[in-house]
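Observations on the three-dimensional arrangement
Listed here are the chains, written in short residue letters.
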Amino acid sequence: MKALFSPLRLRGMEISNRITVSPMCQYSATDGSASDWHLMHLGKFAVSGVGMLVIEATHVEARGRITPGCLGLYSDANEAALARIVTFCKEHGFARIGMQLSHSGRKGSARLPWEERGAPLTAKDGTWPTVGVSGFPFAEGWPAPTPLDTAGLETVKTAHVDAARRADRIGIDVIELHAAHGYLLHEFLSPLSNRRNDDYGGSLQNRIRYVLETFEAVRAVWPDDKPMGTRISATDWIDGGWTLDEAVVLCRELRALGCDYITVSSGGLSPAQKVPIGEGHQVELAARIRRDADIPVIAVGMIYR
């Protein structure tokens, strides 16, 4: 317990303690722009005494949002709205401010989670076309995404880079690449969702390629003294899916590219998952990543003590 309240240095950033508020989607943005709700939500955590506060999944493209209410950082309006929130948090609190960069992939264009349990939007509700790794939908009743071709892969990568530049301009201290929970980057990792027959599909090295390329491109524009992490699902919890052993390989590769930490989550790729939910059910996954990939980790999910 003593270590929990000890400081931690990552590159040029020191965190006063190791308690971190993980990203929590609020579904309260307008066209991707933060609102007064975000000022209240993030502001209260910024002054709470935690060492780091990570802003919710912040989408790098409008089409990459999960829902119409999701936060984005793909326009000048998004940037200005979020800058106000970050400035407030830094003026009144001492928590380091992180941000999770994300793209929903085939899980986008969905209703708010309390509306029909987040079912896909319809034309009447303002649906938009989604993109994915392969042309297979997330689940029955979901639309098939358009597979990303070479130009599409470059567009999404560039969107991550542009969002990182915006994040730096508004004073974000650390960014976290979202490669978990069945969203776009996780789709590349799992053989259940990645059925490509090009350089990004098939073997493990091919399936992790796009995540590594995207991380490397963002790391290249992110200031060297600022840390950068990655959130992963360490397992799909489905036979034949992404495994913990494969996650260790990915994390070693990320560390070699300058990744400073891994947030270890799990699941989210398919409704067929069988997650053994319980107190600290992902802690052992994080311990394995820390030990075998030799990289700092953040453990999340039902941790009560």
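First, a word on scope: everything that follows refers to the structure included in this document. (Residues numbered from 1 in each chain as written. Predicted model: local features only at pLDDT ≥ 70, side-chain atom pairs only at ≥ 80, totals over all residues. Heavy atoms only, no water.)

When its secondary structure is counted, the protein chain shows eight helices and eleven strands. Over its C-alpha trace the protein chain gives a radius of gyration of 18 Å, about what one expects of a compact globule, namely 19 Å for 305 residues. Taken along its principal axes, the extent of the C-alpha atoms in the protein chain is 45 × 45 × 40 Å. Counting over 305 residues, the protein chain shows a buried share of 57%. When contacts within the protein chain are restricted to residue pairs at least 6 apart in sequence, those whose partners lie at least 24 apart make up 72%. As displayed, the protein chain has an accessible area near 13,000 Å², and 53% of this comes from carbon and sulfur atoms. Distance between charge centres in the protein chain, computed from 33 positive and 35 negative side chains, equals 4 Å. (Helix = DSSP H or I, 4+ residues; strand = E, 2+ residues; numbered from the N terminus. Rg over C-alpha atoms; globule rule 2.2 N^0.38 Å. Buried < 20%, exposed > 50% of the residue type's maximum accessible area, 1.4 Å probe, protein only. Contact = heavy atoms within 4.5 Å. Areas by Shrake-Rupley, 256 points an atom, 1.4 Å probe, with all protein chains shown as cover. Lys, Arg positive; Asp, Glu negative; His and termini not counted. Charge placed at Lys NZ, Arg CZ, Asp CG, Glu CD.)

Let us look at the sheet that holds strand β4 (residues 52-59). As summarised here, the arrangement of the seven strands in space is β3-β4-β5-β8-β9-β10-β11, forming an open sheet in which the pairing is parallel. This sheet does not close on itself; its edge strands, each paired only once, are β3 (20-21) and β11 (297-299). When β3 meets β4, the two strands line up parallel, connected through two bridges. Within the sheet, the bridge partner assigned to Thr 20 lies in β4 and is Met 52. Seen against the sheet, helix α7 (residues 244-256) touches β9 (228-233) and β10 (261-265) and runs at an angle of roughly 170° to β9. (Pairing = 2+ DSSP bridges. Axes fitted to C-alpha atoms, helices over the stretch in contact; angles between N-to-C directions.)

Counted according to the given criterion, the structure contains zero disulfides. Free of any disulfide, Cys 25 has its nearest cysteine sulfur in Cys 70, 5.2 Å distant. No disulfide involves Cys 259; its sulfur sits 7.3 Å from the nearest other cysteine sulfur, which is in Cys 251. (Disulfide = S-S within 2.5 Å.)

On to the side chain of His 186. Secondary-structure assignment places His 186 in helix α4 (residues 184-189). The exposure class assigned to His 186 is buried, which follows from its relative accessible area of 0%. Setting aside residues no more than four positions away along its own chain, His 186 makes contact with Ala 179, Ala 180, His 181, Ser 193, Ser 233, Asp 236, Trp 242, Gly 267 and Leu 269.

Positionally, Met 13 belongs in strand β2 (residues 13-15). The buried category is assigned to Met 13, whose relative accessible area is 4%. Residues Met 13 and Lys 226, spaced 213 residues apart in sequence, show a C-alpha to C-alpha distance of 6.5 Å. Not counting the four nearest positions on each side in its chain, Met 13 is found in contact with Leu 8, Met 52, Arg 96, Asp 173, Val 174, Asp 225 and Pro 227.

So, about the packing of aromatic side chains. Within the structure shown, the criterion is met by five aromatic pairs. Taken together, the ring pairs in this structure connect Phe 188, Tyr 200 and Tyr 210 into an aromatic cluster. Cation over ring: Arg 65 sits above Trp 128, and NZ or CZ is 4.7 Å from the ring centre. The ring of Phe 136 has Arg 195 lying over it, and the distance from NZ or CZ to the ring centre is 3.8 Å. (Phe/Tyr/Trp six-rings, centres within 6.5 Å; stacked < 30°, edge-to-face > 60°. Lys NZ or Arg CZ within 6 Å of the ring centre and 35° of its normal.)

Between α7 and helix α8 (residues 283-293), the shortest axis-to-axis distance is 9 Å and the interhelical angle comes to 50°. The orientation of α7 with respect to α8, classified from their angle, is oblique. Crossing of α7 over α8 shows right-handed handedness. Across the interface between the two elements, Leu 244, Asp 245, Ala 247, Val 248, Cys 251, Arg 252 and Arg 255 from α7 touch Leu 285, Arg 288, Ile 289, Asp 292 and Ala 293 from α8. Taken together, the residues of the contact of α7 with α8 break down into seven nonpolar, no polar and five charged. (Parallel < 35°, antiparallel > 145°, perpendicular 65-115°, else oblique. Left-handed = near helix turned anticlockwise from the far one by under 90°. Nonpolar A, V, L, I, M, F, W, Y, C, P; charged D, E, K, R; others polar.)

Before going further, it helps to spend a moment on the packing of helix α1 (residues 36-46) against helix α2 (residues 76-92). Across the interface, α1 lies against α2 with an axial gap of 9 Å and an inter-helix angle of 25°. The angle between the axes of α1 and α2 places the two elements in the roughly parallel class. Crossing handedness for the pair α1 and α2: right-handed. Side by side, α1 and α2 meet where Asp 36, His 38, Leu 39, Leu 42, Gly 43 and Ala 46 of the first sit next to Arg 84, Ile 85, Phe 88 and Cys 89 of the second.

Core analysis: the largest hydrophobic core is formed by 66 residues, its most contacted members being Met 99, Ile 172, Ile 175 and Ile 289. No other element matches helix α3 (residues 150-169), which puts seven residues into this core. Excluding anything up to four places from it in sequence, Ile 175 contacts Met 99, Leu 101, Ala 164, Ala 167, Val 218, Trp 222, Pro 227, Met 228, Gly 229 and Tyr 261. Met 13, Ile 15, Val 54 and Tyr 261 belong to the second largest nonpolar core, which has nine residues in total. (Core = buried A, V, L, I, M, F, W, Y, C linked by side-chain atoms within 4.5 Å.)

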